[in-house]
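# Examining the three-dimensional arrangement
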Amino acid sequence: MKLLRTATALLAATAAIAPGTAGAAAPDTPREGAHALHPGHPQRTAAQRQEAVEFFWYGCKHCAQFEQPLESWAARHRDDVVLRRVPAVWRGGPDEQRQLGHARLYYTLERLGAVDRLQAEVFRAVRERHADLTTESGAAAWALTQGLDTAAFRAAWRSAEVDRLVADAPEQMARNHITEVPTVLVGTGRTSPTGAGGVERMPDAMDTLVEHR
């Protein structure tokens, strides 16, 4: 009963702070961890499970802090939730070129089936060691140190499928009115560090969204 009252209160609170008009462009000043919980757009489900979609950027400290809690949450919900990630790219933003490079890296790793193993390591390389993984040569050299085949990595990096996914990333940001990272969409709701009261509280907010689908 307490969980139901909590979910009802969360959803009621979100109605007052929904994003702007549909079809709006990316925000003038995208932020890290600075947007409240509010309704989003319905997401697809897979194999009768709900879909949780994380919008993230390797250059974001809040996303780096959220990675381990997110992995733990996804493991706890593996039977009822499918986790999908979308790398953040804000068109016209000051970090657009870096974000495009990081998006290509993410989708390259995804194509190689290496995201689960290397996602946290990419955050460490970018955030702690300040590695530039936005170019093919730099990313391929790093990938080699992680045990990936260089030829396969370069082929995936240049593939038409990765081109398509990178091009679609900013469109997904705009369609879902993403104004901060990390943001996680679950069903028709979403949460973020500010909305949940901090990165550490996002998993609890996500639990509520799962329960109140």
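Please read all numbers here as calculations on a predicted model, not as lab measurements.

## Concerning the overall build of the protein
From N to C terminus, the protein includes 9 helices and 6 strands. When burial is assessed residue by residue, the protein has 48% of its 213 residues classed as buried. Here the contacts in the protein between residues at least 6 apart in sequence split such that 72% fall between residues at least 24 apart. When the accessible surface of the protein is summed, it comes to about 10,400 Å², and 51% of that surface belongs to carbon and sulfur atoms.

## Here we look at the packing of helix α3 (residues 96-111) against helix α4 (residues 115-128)
One can describe the packing of α3 onto α4 by two numbers: an axis separation of 10 Å at closest approach and a directional angle of 155°. With respect to each other, α3 and α4 are oriented roughly antiparallel. Both α3 and α4 take part in a crossing whose hand is right-handed. Counted together, Arg 98, His 102, Leu 105, Tyr 106, Leu 109 and Glu 110 of α3 and Val 115, Leu 118, Gln 119, Val 122 and Val 126 of α4 form the full contact between these two elements. Class assignment for the residues of the contact of α3 with α4 results in 7 nonpolar, 2 polar and 2 charged.

## Section: the state of the cysteines
Under the definition given, this model contains 0 disulfides. Cys 60 forms no disulfide, and the closest cysteine sulfur to it belongs to Cys 63, at a distance of 3.2 Å.

## Focus: the sheet that holds strand β5 (residues 183-186)
One open sheet holds the 4 strands; their spatial order is β3-β2-β5-β6, and the pairing between them is mixed. Taken across any chain shown, the strands that pair with only one partner, and hence form the sheet edges, are β3 (81-87) and β6 (189-191). Across the sheet, the mean angle from the axis of one strand to that of its neighbour is 20°, orientation sign disregarded. By the bridge criterion, 7 bridges tie strand β2 (residues 50-56) to β3 in an arrangement that is parallel. Each bridged residue has a counterpart across the sheet, and for Phe 56 the counterpart in β3 is Pro 87.

## Regarding the confidence of the model for the protein
Note that predicted coordinates carrying low pLDDT should not be read in detail. For the protein, per-residue confidence averages 84 on the pLDDT scale, and residues scoring 70 or more make up 77% of the total. This model gives residues 1-29 a pLDDT under 50, and the stretch forms 34 contacts once residues within four places in sequence are excluded. In the predicted structure, residues 33-46 sits below a pLDDT of 50 and forms 57 contacts with residues beyond four places in sequence or in another chain.

## Considerations on the pattern of salt bridges
Taken as a whole and assessed by the stated rule, the structure comprises 12 salt bridges. Its salt-bridge partner being Arg 124, residue Glu 121 comes within 3.1 Å of it at the nearest N-O pair. Taken together, the residues span about one helical turn, with Glu 121 and Arg 124 both in helix α4 at a distance of 3 residues. A single salt-bridge network, built from bridges that share partners, covers Glu 54, Glu 67 and Arg 85.

Cut-off values and rules
Residues numbered from 1 in each chain as written. Predicted model: local features only at pLDDT ≥ 70, side-chain atom pairs only at ≥ 80, totals over all residues. Heavy atoms only, no water. Helix = DSSP H or I, 4+ residues; strand = E, 2+ residues; numbered from the N terminus. Buried < 20%, exposed > 50% of the residue type's maximum accessible area, 1.4 Å probe, protein only. Contact = heavy atoms within 4.5 Å. Areas by Shrake-Rupley, 256 points an atom, 1.4 Å probe, with all protein chains shown as cover. Axes fitted to C-alpha atoms, helices over the stretch in contact; angles between N-to-C directions. Parallel < 35°, antiparallel > 145°, perpendicular 65-115°, else oblique. Left-handed = near helix turned anticlockwise from the far one by under 90°. Nonpolar A, V, L, I, M, F, W, Y, C, P; charged D, E, K, R; others polar. Disulfide = S-S within 2.5 Å. Pairing = 2+ DSSP bridges. pLDDT = per-residue confidence, 0-100. Salt bridge = Lys/Arg side-chain N within 4 Å of Asp/Glu carboxyl O.

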